[in-house]
Every structure is written in C-alpha cells, then in structure tokens.
Amino acid sequence: MKNDKLAIYGGEPAYGGTLHAYNSIGAEEIDAVARVMRSGCLSGYYGSWSNEFFGGPVVQAFEAAWVRRFNCRHAVAVNSNTSGLIAAMGAVGVSPGDEVIVPPMTMAATAMAPLIYGGIPVFVDMDPVTYCLAPDLVRKSITPKTRAILVVNLFGHIAHLEELRAIADEHGVFLIEDNAQAPLGTENGRYAGTIGHIGVFSLNYHKHIHTGEGGVCTTDNDDLALRMQLLRNHAESCVEGAGMANLVNMVGFNMRMTELCAAVGLEQLKKIDYHVGMREHIAQRLNEGLAGLVGITPPVQRDSTRPVYYMYQIRFDRDAVGVSREIFAKALAAEGFPTFLGYLKPLYMLPVFQKRVAIGREGWPFTLTERVYRKGLCPVAERLHEKELVGFDNCCLKITDFDLDGLIAAFRKVHAGRGQLKQVEEGHT
Ligand SMILES: Cc1ncc(COP(=O)(O)O)c(C=O)c1O
C-alpha cells in the first residue's frame, strides 16, 4: 500500500532510521595524543621571548603541515577561531572608532572581534544566493573610517573573495576571511582563507575537521603573522625581543594551542579530503534528490567555486509551497528528517547592539559612532532568517547513502502531501 499519509497525522515515517553524531576521531588521533601524553609536554610555550615563544614541536609541525596543505606562507595555530579573529583584528591595527564591515548572519564571534579593540561593526547585507557579503553593498559601505572587511564563507559557500580583495586593495583596507565553515573551499582554484590578507579557520568539535577546540590563522604577510604570534602569547612582554617597533594593539592574550590539540590536528589534516568530501557527497545527493520541487531552492554552487557544505541550507518559498515553513518542518521531523529554521538572527538584533552596551558601563565603543542598529538594516538577512532558510546539519551527523535515500523520500513525501498540511493550517481538519 502506498505510504502517502503524512507521519504527522499517524502515517508511517518515510525514513525510520536514526541519525547519530559524526565521529571523525580514529585510532591515529588517539595514538598521537598518547604520544604527547607520554612525552609529558602537553603545551610548549613560554610567554617571554625565547626559543619556546612559538610553541612546542607538535604545534610547529602542525603549522608547517597547514602551510603546505593550504599553500600559504604562514599558519598561526590558536585555541579557537574566536581567538584567531581577535588576533586578526589586533594585527591589522583596528583602533577605537574604526569601522569593520561584517555580515549580519554569522556566528556572533565574527562581529564581537572588532568590538574588543573598540572597532565598530558595520553590518552589510548578504547576497541571497551565496549567503555571503554582497560585494556591491560592501563597496557602497566603505567610508574613511573603514579599517577592514570581515567576510564569512557562510555554510561552506564561498564569498566573492577575489572581488572583495580587489575592493579592499583599492581602498587600502584589509580583507579578513572568517573561514570557520569552509576549509578546502576554493574560488578559481585558490583556497578560501588564503585570498584575504588573513584567513581564520575553526577547529571546534562541530567543524569538518576538529581538535575539540582550536583555530588557525593564515596569512602571506610576515608582519601580520608576527603580530598574531605576539598577540597569541603575551605580546607586551615579547615585543622588544621580537624587535616589534609598532606597538599598536600589542597587548597580548593567551590564545595558545596545546600540543595535545596540535597532535589531533595533524592527524585530522591528513584526512581532511575525506571529511570534506563526505559533506560534499551528502549535499550533492540532496541537491539531486530535492531538485525540481516547487518552492524549494537547494543550495546554488556559484561558478568557479568549490563550496564545502558545512550546513545544507534550502530556501523555502512559502507562497509557492502553499504552507508555512514551520508546519512543513514539523511534518519533515515526523517523517524522520530533522531540520532547523533560520540559522541565526541578524546579529544587530542582539542586546549588545540594541542596548549599545559592549565594553564597560558607558556604552563604549558605541559612544564613538552615530551608526544605528535597527530592524530593517539588512532585509535579505532578515528575510532569510524569518521566512526562508531551512537548514540541515550535515557536518555534525553521520549520514550514509541509505540514510540519504530515506531523507530524500521523507522530503518528497511531505512536499507531495503539502495539501494535507495546508488544510490543517487553514483549520479544516
Ligand atoms: C562563522 C564562524 N565564526 C566563528 C566561529 C567561532 O569559532 P570557535 O568556536 O572556534 O571560536 C564559528 C563557530 O561556529 C563560526 O561558524
């Protein structure tokens, strides 16, 4: 008998399986950690100018391997992408009142990094196809106060990086890539994270490869690399030894990656093609399986890029589908297809911007700007968040071809049965 009664109304779920967390840690990582444990040196830095300033042997080997893999001049391992973004802002000299262009829809750390130095986040809307900063809007938003453009390669899609780099160079500002979500993504064969002046990668548990917590900053610029190394490890105590004459932002932190994390990172890096390839495979299968459904737009692969699908985001057109995103998602969940709606709300709606309280009691650094943060600032991001995005967490889940067949069947069943949902929505049943 045909199973077309929706599970939300008691029908048989189209996909009866259970999706478990993806585990990328294997015997190699465990052995590598055990070797570090046996060595007794779990972290190898001194916070003073010495041979140990740059970290222990495993951290340095990990950085060298990252340089080879991503074809860049420097890699600076840190304890998170958040730390790396702060180091990047410090290194490019963001100063109180400077503006930093950021996208509205991203993980909050992107827009917090400028604030640490008194920088003013200027939210510029997203391109609805790539979900990344729209270059024409970036160009219009540059002012004499702009110090940097902080672009995010969101969901593993690749921003118009070369165009943004050209805009940055033309205006004498820095392009920083928050590449937390797009390792191995490319534009015209060049790696995302290496097209801007600095790229910052995340190695937290939820990413394509991980070290539990961790991050890496990449750059081809020797001065920026040294400044990030200084910021990672108590800059103020080490600038004299390093011969750093420019003391701007040379107040340091402890952003150091441990030997343990670097040992995991070295092994994960050897497997990065596999882990990223898995995410691409899932996305391609879903793209094929969900093609041609009215009102459903699967992710678009922009010409000349390789997106790496940290998250799989569909655009949902309520009018064309005929039912709300919310009821559709509930029906999907009942069929065994877990989704989440809207990703994150535009960051300017967070209390830090709405109340204009960030550093200290007096509302600094918002006291340095006339910029206002109000609803309506970035209509594309708001529309995507409130109405259109339906996301699937393909980076964190273990998904086989069998699961994919079930998930696609579940989606198509709900789409085909949306008339039943429509009746409920209209209160007819
Ligand atoms: C775009 C983006 N930026 C920054 C971060 C922060 O990364 P971390 O947890 O390594 O600090 C994340 C993490 O989810 C992210 O996705």
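From a predicted model like this one, the values you see are computed outputs, not experimental measurements.

Visitor: Looking at this model, I keep getting lost on helix α3 (residues 81–91). Mind explaining?
Guide: Think of an α-helix as turning once every 3.6 residues; residues three or four places apart then point the same way. With 11 of its 11 residues buried, α3 lies for the most part within the structure. Looking at α3, one finds that the buried residues are N81, T82, S83, G84, L85, I86, A87, A88, M89, G90 and A91. Positive phi appears at G93, one or two residues downstream of α3, with a value of about 80 degrees.

Visitor: Sorry if this is basic, but what is going on with helix α9 (residues 259–270) here?
Guide: Its 12 residues place the ends of α9 17 Å apart at the C-alpha level, agreeing with the 16 Å of an ideal helix rising 1.5 Å per residue. Across the 12 residues of α9, 10 count as buried, placing the element largely inside the fold. Every buried residue belonging to α9 is among E259, C261, A262, A263, V264, G265, L266, E267, Q268 and L269, and all of these are buried.

Visitor: Whenever I open this one, the site of the ligand confuses me. Can you help?
Guide: Taken together, 14 residues are adjacent to the ligand, and S80, N81, T82, M107 and A180 come closest. When contributions to the shell around the ligand are tallied by element, the ones reaching two or more residues are α3 and α4 (109–116). Tallied by class, residues from the shell around the ligand come to 4 nonpolar, 9 polar and 1 charged.

Visitor: Just checking my understanding: could you explain the pairing of strand β13 (residues 312–316) for this structure?
Guide: Each regular strand carries side chains that alternate between the two faces of the sheet. In terms of residue burial, β13 counts as a mostly covered element, since 4 of its 5 residues are buried. Judged from the 2 bridges that link them, strand β11 (residues 296–297) and β13 form a sheet pairing that is antiparallel. Its bridge partner being in β13, I296 is matched across the sheet by F316. Summarising the sheet, β13 and strand β15 (residues 389–392) pair through 4 bridges and their orientation is antiparallel. Within the sheet, the bridge partner assigned to Q313 lies in β15 and is G391.

Visitor: Looking at this structure, I do not really get the nonpolar core. What am I missing?
Guide: For soluble globular proteins, nonpolar side chains are generally found buried alongside one another. Within the largest apolar cluster, 121 residues are counted, with the highest numbers of intra-cluster contacts made by A88 and I149. Every residue in contact with A88, bar those within four places of it in the chain, is listed here: I176, I198, V200, C217 and M228.

Visitor: Where do I start with the sheet that holds strand β4 (residues 120–123) in this structure?
Guide: Strand pairing in a sheet is mediated by backbone hydrogen bonds. Such pairs are either parallel or antiparallel. As summarised here, the arrangement of the 7 strands in space is β2-β10-β9-β6-β5-β3-β4, forming an open sheet in which the pairing is mixed. With partners counted over all chains shown, the strands left at the sheet margins are β2 (74–78) and β4, one partner each. Strand-to-strand twist of the sheet, defined as the mean angle between neighbouring strand axes without regard to direction, takes the value 20 degrees. For strand β3 (residues 99–102) and β4, the ladder comprises 4 bridges, and the chain directions are parallel. Within β4, the position partnered with I101 by the bridge is V122. Where helix α2 (residues 57–70) meets the sheet, it contacts β2 and β10 (215–219), and its direction lies at approximately 135 degrees from that of β2.

Visitor: Looking at this structure, how should I read the sheet that holds strand β8 (residues 190–191)?
Guide: Read from one edge of the open sheet, 3 strands run β8-β7-β12, paired in antiparallel fashion. Pairing within the sheet leaves two strands with one partner each, and these edge strands are β8 and β12 (305–306). Relative to β8, strand β7 (residues 186–187) runs antiparallel, the two being bridged by 2 bridges. Bridge pairing in β8 links E187 to R190.

Visitor: Whenever I open this one, the packing of α3 against helix α7 (residues 222–232) confuses me. Can you help?
Guide: In a pair of packed helices, the angle between the axes and the distance between the axes together describe the arrangement. Direction vectors running N to C along α3 and α7 enclose 125 degrees, while the axes themselves pass 9 Å from each other. The angle between α3 and α7 falls in the class oblique. In this structure, α3 crosses over α7, and the sense of that crossing is right-handed. Contacts between α3 and α7 involve A87, A88, G90 and A91 from the first element and L224, R227, M228, L231 and R232 from the second. Of the residues in the contact of α3 with α7, the class split is 6 nonpolar, 1 polar and 2 charged.

The rules behind the values
Residues numbered from 1 in each chain as written. Predicted model: local features only at pLDDT ≥ 70, side-chain atom pairs only at ≥ 80, totals over all residues. Buried ≥ 20, exposed ≤ 12 C-beta atoms within 10 Å, placed from the backbone. Helix = DSSP H or I, 4+ residues; strand = E, 2+ residues; numbered from the N terminus. Expected span 1.5 Å × (residues − 1). Near = placed C-beta within 6 Å. Nonpolar A, V, L, I, M, F, W, Y, C, P; charged D, E, K, R; others polar. Pairing = 2+ DSSP bridges. Core = buried A, V, L, I, M, F, W, Y, C linked by C-beta atoms within 7 Å. Contact = placed C-beta atoms within 7 Å. Axes fitted to C-alpha atoms, helices over the stretch in contact; angles between N-to-C directions. Parallel < 35°, antiparallel > 145°, perpendicular 65-115°, else oblique. Left-handed = near helix turned anticlockwise from the far one by under 90°.

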